[in-house]
Amino acid sequence: MALAMIQFCYKSETVGNLIKSPEDRSAAVGKLVEQLGGKMIGFYHSFGDYDGLIIADFPDNTSIAATSIVAFAGGGTSKLKTTILLSVKEAMAAMKKSKGLKLRQPKG
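Cut-off values and rules
Residues numbered from 1 in each chain as written. Predicted model: local features only at pLDDT ≥ 70, side-chain atom pairs only at ≥ 80, totals over all residues. Heavy atoms only, no water. Helix = DSSP H or I, 4+ residues; strand = E, 2+ residues; numbered from the N terminus. Rg over C-alpha atoms; globule rule 2.2 N^0.38 Å. Buried < 20%, exposed > 50% of the residue type's maximum accessible area, 1.4 Å probe, protein only. Contact = heavy atoms within 4.5 Å. Areas by Shrake-Rupley, 256 points an atom, 1.4 Å probe, with all protein chains shown as cover. Lys, Arg positive; Asp, Glu negative; His and termini not counted. Charge placed at Lys NZ, Arg CZ, Asp CG, Glu CD. Pairing = 2+ DSSP bridges. Axes fitted to C-alpha atoms, helices over the stretch in contact; angles between N-to-C directions. Salt bridge = Lys/Arg side-chain N within 4 Å of Asp/Glu carboxyl O. 1 Å grid on protein atoms, 1.4 Å probe; cavity = no way out; pocket = protein on both sides within 12 Å on 5 of 7 lines; lining within 4 Å. Points joined across faces, edges and corners; volume = space filled by probe spheres on them. Core = buried A, V, L, I, M, F, W, Y, C linked by side-chain atoms within 4.5 Å.

### A closer look at the overall build of the protein
Across its full length, the protein carries four helices and four strands. Starting at the N terminus and ending at the C terminus, the protein contains elements arranged as β-α-α-β-β-α-β-α. The C-alpha atoms of the protein give a radius of gyration of 17 Å, which is well past the 13 Å a tight globule of 108 residues would have. Dimensions of the protein along its principal axes, counting C-alpha atoms only, are 60 × 40 × 25 Å. Looking at the protein residue by residue over its 108 residues, the buried ones come to 26%. Sequence separation of at least 24 residues holds for 65% of the intrachain contacts in the protein that already meet a minimum separation of 6. Accessible surface, the protein: about 7800 Å² in total, of which carbon and sulfur atoms supply 60%. Distance between charge centres in the protein, computed from 14 positive and 9 negative side chains, equals 15 Å.

See below:
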C-alpha cells in the first residue's frame, strides 16, 4: 500500500458554493479513494497555504496520481499538492539502502 497526503485549494467559486450550501466533501472524496482501491484515513480543512488535505492509503502510486487528476479535472480546486508518506520503518529501510551509495555531483 502507498500512503499519501493530498493538499488542495478551493477555487473562490467553490468556496462561494460551499457557503451557500455547506457540504461534507469527505464523503465524495472517500468514495473516489475507495473506487481506486484505497482507504481514506482523514479529511481535514486547514488555514494557511492550502484549504485542506486528505490522508489516504492507496494500493499504488498510480492510484494516488489518478485521485489527484480526477480531483483537479473536476474544476473545484485551483491547486493540488501530493506528498508520498513513508512510515518510520520505510524511511529507515531507505536510509540503510542508501548506505555506501554516492552520486557524482555536477562540476562547476
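### Topic: the sheet that holds strand E4 (residues 77-85)
Spatially, four strands are ordered E2-E3-E1-E4 in an open sheet, and the strand pairing comes out antiparallel. The sheet terminates laterally at strand E2 (39-45) and E4, the two strands that pair on one side only. With direction set aside, neighbouring strand axes in the sheet form an average angle of 15 degrees. Sheet topology places E2 next to strand E3 (residues 52-58); six bridges connect them, and they run antiparallel. Looking at the pairing, Phe43 lines up with Ile54 of E3. Relative to the sheet, helix H3 (residues 61-73) contacts strand E1 (2-10), E3 and E4, its axis offset from that of E4 by approximately 170 degrees.

### Points about the pattern of salt bridges
Oppositely charged side chains may form a pair once their charged atoms are brought near each other. Enumeration over the complete set of coordinates arrives at one salt bridge. Linking Arg25 and Glu23 is a salt bridge whose minimum nitrogen-to-oxygen distance equals 2.6 Å.

### Overview of the side chain of Gln7
Examined against the element boundaries, Gln7 turns out to sit in strand E1. Ignoring any residue separated from it by four or fewer positions in sequence, one finds Gln7 in contact with Tyr50, Gly52, Leu53, Lys79, Leu80, Lys81 and Thr83.

### Overview of the layout of surface pockets
Here the largest pocket is characterised by a volume of approximately 400 Å³. In terms of lining, the largest pocket is formed by 19 residues, of which the most central are Tyr10, Arg25, Val29, Ala71 and Thr77. Mapped by element, the contributors of at least two residues to the lining of the largest pocket are E1, helix H1 (12-20), helix H2 (25-35), H3 and E4. Ranked by the residues each element gives to the lining of the largest pocket, the list is headed by H2, at four residues.

### Things to note about the nonpolar core
Ala2, Ala4, Ile6, Phe8, Tyr10, Val29, Val33, Phe43, Ile54, Ala56, Phe58 and Ile64 together form the largest nonpolar core, which totals 12 residues. Broken down by element, the residue count for this core peaks at five residues, all from E1. Setting aside residues up to four positions removed in sequence, Tyr10 forms contacts with Val15, Leu18, Arg25, Phe43, His45, Asp51, Gly76, Thr77 and Ser78.

Shape is all these values report; function is a separate question.
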